Structure formats: structure tokens, C-alpha cells
Amino acid sequence: MTSSIEVTGADGESIVYDGATVTKFKHHGKLETARNPVSTYREVRIKERTSLFGKTRDPREFEVLLAMSSIMSLTVDEAGKAQVEALAAVLAEQQSGAAG
């Protein structure tokens, strides 16, 4: 099982999963803005950011909304999107394991 996952986004923001909680940091990890227990996970939404006329940006960027007891948002690149998908899979697995 994964012990920790860190998703680094734009502007020095990050989301860190440590096995028991998910924490949102700003200012390159210097300011904790939210901490939620894994048990409060509801869903994750990933939406690709587009230009004013609907064209894909280059490089590609994605807006992430992680719904837990609080909602965390982050803008990530393609590598960050893969990390978010891995985080969502781990959180969903823990949630189904706790329910069953």
C-alpha cells in the first residue's frame, strides 16, 4: 500500500496524503490551509483548462477539486493529473475497505 502521495500544483500549492489524512498546503509547504481525515473523502473532479475559445492549452493544465469534509482545489500539469488519479484510487480503496 502507498504510504504517502504528494501532488504538487501551480503557484506553490500541494496536496499531501499521509495514510490517515489529506492536507492542503500553500506557499511551498509553509502554510497548511486544510487537513481532512481520509474517511471524509467523497469524490475528485478533474477538468482540463482551456483557452478563451475552448482550445487546449499548451502545456496542458487541469483543475482539480477534491471533495472531503472541506473542498480542496489545485491546478496541475499532466504529471500532477496522474498523481491525483493515483490519490483518488487510494482514497476510494480505503473508503470501500472501511465500508466492507
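Our subject is the structure that appears above.
The following paragraphs examine the structure supplied in this document. (Residues numbered from 1 in each chain as written. Predicted model: local features only at pLDDT ≥ 70, side-chain atom pairs only at ≥ 80, totals over all residues. Heavy atoms only, no water.)

1. What to know about the overall build of the protein
The helix and strand tally for the protein stands at one helix and seven strands. Listing the helices and strands of the protein from first to last along the sequence gives β-β-β-β-β-β-β-α. In terms of overall dimensions, the protein has C-alpha extents of about 45 × 30 × 25 Å along its principal axes. The proportion of buried residues among the 100 residues of the protein is 31%. (Helix = DSSP H or I, 4+ residues; strand = E, 2+ residues; numbered from the N terminus. Buried < 20%, exposed > 50% of the residue type's maximum accessible area, 1.4 Å probe, protein only.)

2. Re the pattern of salt bridges
All chains considered together, the criterion is met by ten salt bridges. Here Glu32 and Arg35 are joined by a salt bridge, their closest N and O atoms 3.0 Å apart. Its relative accessible area of 39% is what places Glu32 among the partly exposed residues. Using a relative accessible area of 44% as the deciding quantity, one classes Arg35 as partly exposed. (Salt bridge = Lys/Arg side-chain N within 4 Å of Asp/Glu carboxyl O.)

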